[in-house]
Amino acid sequence: MSGPLSSAQNGQKERELDVHHLTLEEKASLTSGGSFWATKAIDRAALPTITMVDGPHGVRMPRGEGDHLGLSGSLPATCFPPAVALGSSWDAELAERVGRALGREASLLGVDVLLGPGINIKRSPLCGRNFEYLSEDPIVSGVLGTALVKGLQSQGVGASLKHFAANNQETDRLRVSSDVDPRPLREIYLRAFERVVKDAQPWTVMAAYNAINGTFCSHNRWLLTDVLRDEWGFEGLVVSDWGAVSDRVAGVAAGMDLEMPACGGRTDAQVVDAVRDGVLDEAALDAVAGRVLDLVKKASERPTRPEPVDADAHHALAREAAARSIVLLKNEGGLLPLDRRSRIAVIGEFARTPRFQGGGSSQVNPTRVDAALDAIRREAAGEVIFAPGFACDGSGDEPGLRAEAASAAADADVAVVFLGVPLEDESEGFDRTHLDLPGAQLDLLEAVRAANPRTVVVLSNGGVVLLPFADDIPAIVEGWLLGQAGGPATADVLFGGVNPSGRLAETIPLRLEDAPSYGSFPGELHHVRYGEGLLVGYRGYDAEHRAVAFPFGHGLSYTRFVYGDAAAVQSDGDVLVSVPVTNAGAVAGREVVQVYTALDASVVQRPPRELKGFALLDLEPGQTAVAEILLRRGELAYWDVRVDDWVLEGGEYRIEVGASSRDIRAVTSVALRGDEVARSLSMESGVDEVLAHPVAGPLLLEALERNGQATDEHALRVLGMFPIGRVDGFPLPYNEALRIVGEASS
Ligand code: BGC
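All residue numbers refer to positions counted from 1 along the written sequence of the respective chain. Side-chain atom pairs in this predicted model are given and counted only at pLDDT of 80 or more, local residue features only at pLDDT of at least 70, and totals for whole chains, interfaces and linings cover all residues. With hydrogens and water set aside, each side-chain value is computed from the structure's full complement of heavy atoms.

(A) Here's a closer look at the overall build of the protein. Of the regular secondary structure elements, the protein holds 23 helices and 29 strands. A compact globule built from 746 residues would reach a C-alpha radius of gyration of about 27 Å, and the protein, at 28 Å, matches this within 12%. Here the C-alpha coordinates of the protein stretch approximately 90 × 75 × 50 Å along the principal axes. Under the scheme applied here, a residue whose accessible area is under 20% of the maximum for its type counts as buried, over 50% as exposed, and between as partly exposed, the area being computed with a 1.4 Å probe on protein chains only. Considering the protein as a whole, with its 746 residues, one finds that 61% of them fall into the buried category. In this analysis, two residues are considered to be in contact whenever any of their non-hydrogen atoms come within 4.5 Å of each other. Look at the contacts in the protein between residues 6 or more apart in sequence, and 77% of them connect residues 24 or more apart. A total accessible area of about 27500 Å² is found for the protein, and carbon and sulfur atoms account for 50% of it. Strands are runs of DSSP state E lasting at least 2 residues, helices are runs of H or I lasting at least 4, and numbering of each runs from the N terminus. Radius of gyration here is computed from C-alpha atoms only, and the compact-globule reference equals 2.2 Å multiplied by the residue count raised to the power 0.38. To measure how exposed things are, a 1.4 Å probe is used in the Shrake-Rupley method; for residues, cover is taken only from the protein chains shown.

(B) Quick peek at the pattern of salt bridges. By definition, a salt bridge exists where a carboxyl oxygen of Asp or Glu is found within 4 Å of a side-chain nitrogen of Lys or Arg. For the structure on display, the rule yields 62 salt bridges. Taking the shortest distance from any N to any O, the salt bridge between Arg539 and Asp137 comes out at 3.1 Å. One end of the pair, Arg539, is in helix H18 (residues 538-543); the other, Asp137, is in the loop between strand S3 (113-114) and helix H5 (138-153), and 402 residues separate them in sequence. Summarising the burial analysis for this pair, Arg539 and Asp137 share the class buried. Where Arg632 meets Asp199, a salt bridge forms, and the shortest distance between an N and an O atom there is 2.7 Å. With Arg632 in the loop between strand S25 (624-631) and helix H19 (633-636) and Asp199 in helix H7 (residues 191-200), this residue pair connects regions lying 433 residues apart in the sequence. When its relative accessible area of 32% is taken as the criterion, Arg632 is described as partly exposed.

(C) Molecular detail of the sheet that holds strand S28 (residues 651-660). Two strands pair under a simple rule: DSSP has to find at least two bridges between them. Strand order in the open sheet formed by 4 strands is S24-S23-S28-S29, and the pairing between neighbours is antiparallel. Both edges of this open sheet fall to strand S24 (610-619) and strand S29 (663-672), since each of them pairs with a single strand only. Neighbour-to-neighbour, the strand axes of the sheet open up by a mean angle of 20°, direction not taken into account. Where strand S23 (residues 589-598) lies against S28, 5 bridges are found, and the strand directions are antiparallel. Only the stretch in contact is used when a helix axis is fitted, and all axes are lines through C-alpha atoms; the angle between N-to-C directions ranges over 0 to 180 degrees.

(D) Geometry of the layout of surface pockets. Of the pockets and cavities examined, the largest pocket occupies roughly 550 Å³. Cavity: a set of points on a 1 Å grid over the protein atoms alone where a 1.4 Å probe fits but cannot get out. Pocket: an open set with protein on both sides within 12 Å along at least five of seven lines, its lining residues, like those of a cavity, having an atom within 4 Å of a point. Along its surface, the largest pocket is lined by 20 residues, and Arg642, Val677, Arg679, Glu689 and Ala692 are the ones closest to its centre. Amino acids outside the nonpolar list (Ala, Val, Leu, Ile, Met, Phe, Trp, Tyr, Cys, Pro) and the charged list (Asp, Glu, Lys, Arg) are all regarded as polar, and Gly is one of them. The residue inventory of the lining of the largest pocket, partitioned by class, reads 9 nonpolar, 5 polar and 6 charged. Grid points are joined across faces, edges and corners, and a volume is the space filled by probe spheres set on the points.

(E) How the structure looks around the nonpolar core. Ranked by size, the top nonpolar core spans 103 residues in total, and within it Phe164, Trp242 and Leu611 carry the most contacts. With 8 residues, H5 is the single largest residue contributor to this core. To form a nonpolar core, buried Ala, Val, Leu, Ile, Met, Phe, Trp, Tyr and Cys residues must be joined to one another through side-chain atoms within 4.5 Å. By size, the runner-up hydrophobic cluster in this structure holds 70 residues, among which are Val457, Leu467, Ala491 and Val498.

(F) Representation of the side chain of Asp492 in the model. The residue Asp492 is located in helix H17 (residues 486-495) in this model. The buried category is assigned to Asp492, whose relative accessible area is 11%. Non-local contacts of Asp492, meaning those with residues more than four positions away in its chain, are made with Arg319, Glu379, Gly497 and Val498.

(G) Focus on the packing of aromatic side chains. Note on aromatic contacts: the rings of Phe and Tyr and the six-membered ring of Trp form a pair at centre separations within 6.5 Å, being stacked when their planes are under 30 degrees apart, edge-to-face when over 60 apart, and tilted otherwise. In the structure shown here, the tally under the stated rule is 12 aromatic pairs. With a centroid separation of 5.2 Å and 70° between ring planes, the pair formed by Phe36 and Trp37 is classed as edge-to-face. Overall, Phe36 belongs to the partly exposed group, its relative accessible area being 27%. Given a relative accessible area of 9%, Trp37 falls into the buried group. Pairing Tyr538 with Tyr596 gives two aromatic rings, centres 6.0 Å apart and planes at 80°, and the pair type is edge-to-face. In this pair, Tyr538 sits in helix H18 while Tyr596 sits in strand S23, placing the two residues 58 residues apart along the sequence. The same class applies to Tyr538 as to Tyr596, namely buried. Grouping aromatic residues by their ring pairs yields a cluster made of Trp90, Tyr538, Phe552, Tyr596 and Phe614. In our convention, an over-ring charge means Lys NZ or Arg CZ found within 6 Å of a ring centre and within 35 degrees of that ring's normal. The aromatic ring of Tyr530 is capped on one face by Arg123, whose charged end is 4.1 Å from the ring centroid. If you follow Arg186 out to its NZ or CZ, it ends over the ring of Trp639, 3.8 Å from the centre.

(H) Focus on the site of the ligand. Close contacts around the ligand come from 14 residues, with Asp54, Arg129, His163, Tyr209 and Asp241 the closest. Residues adjacent in sequence count toward polar contacts only when both atoms are side-chain atoms; beyond that, a polar contact is any pair of N or O atoms within 3.5 Å, and within protein one must be able to donate a hydrogen and the other to accept it. Between the ligand and the protein, one listed contact pairs an oxygen atom with a side-chain N or O atom of His163 at 2.7 Å. Within the side chain of Tyr209, an N or O atom sits 2.7 Å from an oxygen atom of the ligand. Tallied by class, the residues present in the shell around the ligand amount to 5 nonpolar, 2 polar and 7 charged. The near set for a molecule or strand comprises every residue that places at least one heavy atom within 4 Å of it.

(I) Representation of the environment of His554 within the structure. Note on placement: His554 falls in the loop between strand S19 (548-550) and strand S20 (561-563). Beyond its immediate chain neighbours, meaning those up to four positions away, His554 contacts Val327, Leu328, Leu329, Gly502, Arg503, Leu504, Ala659 and Ser660. Side-chain polar atoms of His554 contact the backbone oxygen of Leu329, separated by 2.8 Å.

(J) Up close: the sheet that holds strand S13 (residues 384-387). With respect to topology, 6 strands assemble into an open sheet ordered S11-S16-S15-S14-S12-S13, the strand pairing being mixed. In this open sheet, the two strands that pair with only one neighbour each are strand S11 (327-331) and S13. For this sheet, the mean angle separating the axes of adjacent strands, direction not counted, is 15°. Sheet topology note: the strand S14 (residues 414-420)/strand S15 (residues 455-460) ladder contains 6 bridges and is parallel. Following the sheet pairing, Gly420 is matched in S15 by Ser460. Each of strand S12 (344-347), S14 and S15 is contacted by helix H16 (residues 439-451), which is oriented at about 175° to S14, the strand it contacts most.

(K) Fine view of unusual backbone geometry. Each neighbour pair has its own omega, and for Asp54 with Gly55 the value is 0°, a cis peptide bond. Here Gly55 is to be found in the loop between strand S2 (52-53) and helix H3 (83-89). Along the chain, Gly116 connects to Pro117 via a cis peptide bond; the corresponding omega equals 0°. Relative to the assigned elements, Pro117 resides in the loop between S3 and H5. Even without being glycine, Asn213 reaches a positive phi, approximately 45°. Examined against the element boundaries, Asn213 turns out to sit in the loop between strand S7 (211-212) and strand S8 (215-216). Judged by relative accessible area, Asn213 falls into the partly exposed class, the value being 42%. Notably, Trp480 is not glycine yet its phi reads approximately 45°, a positive angle. Locating Trp480 in the fold gives a position in the loop between strand S16 (475-478) and H17.

Take a look at the structure:
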């Protein structure tokens, strides 16, 4: 925070921070940025500015005072694993520690709000910013997002939960309307936001660029006020994504508190005029300006002299987080962990020149970057031979590089091949158009495997890639983008110093065409229709019984876990699931126990299974422990469009406990009483709805029989969906139908 005085520093000035002491012009000016990264100061009121910078996996503080665009780069900061990696750790405690470390660094650099975390759902594997997002599932996104926000804010630095909402692609991102039905919107795209807002109260929420069903998020009153504040109880400030405001006056009326970046006074004047012309209620401006003041006050409460940051300790934390994020996809014949004494051919430029983060606003200037090749050389006791195999930018003598790599592999006991997506192919601002690794890399792999079948592939990628070689290569390590300490973390996993425990937070498909959003991504003519509805990610692959390369939740360990019988009991309205798990192998390891639920006979469409909770168990060899997973009642509810509310449907819920969405190890069930939903009947209600009504049901049955209508099972099935009052005389005289509906509502 920078500026003349904060309220905490000068009690006398506190009074002046009240919005009613500001002029109309001052209030309007307060609700837009003063520069690219800061709010405006009001000197007369001794009101300082607030600094907000990216985010999310490191602090990107622009270098020079006047360098508002960050053109001359940013100050060095720890580059923690981007969300694509951290999401795969499924580890909330770790995410909270990363959040705390981010908060300490931000605080030291004078940052008041760090722009993150990003918790949008990975709707399509092609989304260019998937590396900035946690998962295709709202529970994983919600749990880890909550942890990151709590950690960050524990240091007196605010989070900016982004991008709110349904911002799931880069194509046409500033203009596109995400056209989503109410159920997927609530159950998939808003669910993680709801959880983080309720559990962690982020200081700010960032309104996304796109529109939802035709209304831009930055002036969407339903989204920013009705849902976010009135339903969820959000107490913080809504900031626009940088350049997201297309109608400032409508934004103020909708509850969009702060336009970023600076508007040069242009839209401030529009707000002033709108109030003067009576188009905008001044009370609406007071509310948004008041929330800017609240944010300034919150930031002023942080200690003025922050603790120094231990860069080495943060690098070590980045390494721990990276190692926990790595997913061991395949390990045939126990090829991993590597024998330290073996002769190892390390192949692939990414081993020497790490791909550790994505492009765009989240790009951090790391304090250092450690390559996997150096770490492997340090850890290995035998000879390590390196061959680059390809150039990151695709240049160079391909056949020559390939031949050199094949000969290195032939001379070695094992070949470790680092493949991945080039940096220029993965960035904010555009979506990918395919999921393929570069052809030169696939050719290289084929040549290496032919020279030495004992081949391990290590991947560096921000979004999933197709793995056409998955059947032929014995060991595959999904290394995502691991941040600045990803190199040593990879060596930790390769040599077994860390037993891998990452799990896929997104499905790896066999073909792009299999993705549920295929065909309705990225839309056209400024609209994208979320045609797959609820069937996002594994929900869709499972519903369509599609084979996948590696399923959601999958990840191997160097040990083996055996599950006992699962039990589920009700606990204060929630459901507590427990299952004993034994480490049946020879080394200590961590299992991520996942709980999926299903309700077969339902009034609404349900995916075959949905993750509702998970727990981590660290087990010594031979040890058994009971995993306890609490499934929140609210998470089991569906969004009922008839009453515009969450409804828990009564019934026997199947509870599947497993090691992935396609590796269910124990099944149990729990009977839940549903919510009483008062749905009023009308003459448009179907016969089945009237029959289900406690008062009207028996009256209708009696009247049908009296009027000579058949009431056996078949007849009622045929009649069931017919509106009771459409046709006079069928199934009842109009007046009788009217009487029954009237009785039900009296
Ligand atoms: C991005 C945000 C980012 C902001 C500030 C926008 O283009 O969408 O995620 O926080 O810029 O850099």
